[in-house]
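# Results of the structural survey
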Amino acid sequence: MKILMVCLGNICRSPLAEGIMKAKAPEDFYIDSAGTISMHEGKHPDKRAVQTAALHGIDISQQRSRPITKEDFEKFDKIYCMDVDVLADVVSKAKNEDQRKKVSLFLEMSGHHQNAEVPDPYWGSMKDFEDVFQLLDRGSDAILKQIPV
Ligand code: 4NP
């Protein structure tokens, strides 16, 4: 199973989602993350995201931001988007129905209400990063329960 986590900048939410999912998923799963913008390409995750993950024993410091590519739609089985804008953007890049079906909203897939979003902590505080971590942590558990191993 290959899972791609996607947010806007690929420096806050999706790097955390990647790190958390990697820590929980079976070893033969392949997990990666990407952004819909290339503004932060090549950069490590935001320090606050790195710190928050580290507080929970997860090292995301070596990740690098990258924008989503058309190859991602072929390579990955599931593409989870952090918010509705990201979802719309990613869906618009899908080439056909097969690719479109791989794309969903992370929280909707983990049992939250329709259109539930992982809030962008970029302009927020460490508390916002911790809240995002908790959402992603519980959401990842719920997603893994639904995926047959
Ligand atoms: P992310 O957070 O999408 O969770 O990585 C953001 C990162 C950068 C920006 C916005 C959100 N930005 O405007 O540069």
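The protein chain is annotated in an unreviewed UniProt entry as protein-tyrosine-phosphatase from Chryseobacterium shandongense.

## Description of the nonpolar core
Ile3, Met5, Leu16, Met82, Phe106 and Leu136 are the most contacted members of the largest nonpolar core, which totals 30 residues. Contributions of two or more residues to this core are made by β1 (2-7), α1 (13-24), α2 (47-55), α6 (106-109) and α7 (126-146). Among all residues touching Phe106, those that are not within four sequence positions of it are Met5, Tyr80, Cys81, Met82, Val118, Leu135, Leu136, Gly139, Ser140 and Ile143. By size, the runner-up hydrophobic cluster in this structure holds twelve residues, among which are Leu4, Ile68, Phe73 and Val90.

## Observations concerning the environment of Ser92
In this fold, Ser92 is placed in helix α4 (residues 84-93). Looking at Ser92, the relative accessible area reads 56%, which means it is exposed. Distance in space between the C-alpha atoms of Ser92 and Leu144 is 26 Å, their sequence separation being 52 residues. Reaching out from Ser92, the side chain makes a polar contact with the backbone oxygen of Asp89 at a distance of 2.6 Å.

The rules behind the values
Residues numbered from 1 in each chain as written. Predicted model: local features only at pLDDT ≥ 70, side-chain atom pairs only at ≥ 80, totals over all residues. Heavy atoms only, no water. Core = buried A, V, L, I, M, F, W, Y, C linked by side-chain atoms within 4.5 Å. Buried < 20%, exposed > 50% of the residue type's maximum accessible area, 1.4 Å probe, protein only. Helix = DSSP H or I, 4+ residues; strand = E, 2+ residues; numbered from the N terminus. Contact = heavy atoms within 4.5 Å. Polar contact = N/O pair within 3.5 Å; in protein donor to acceptor, adjacent residues only side chain to side chain.

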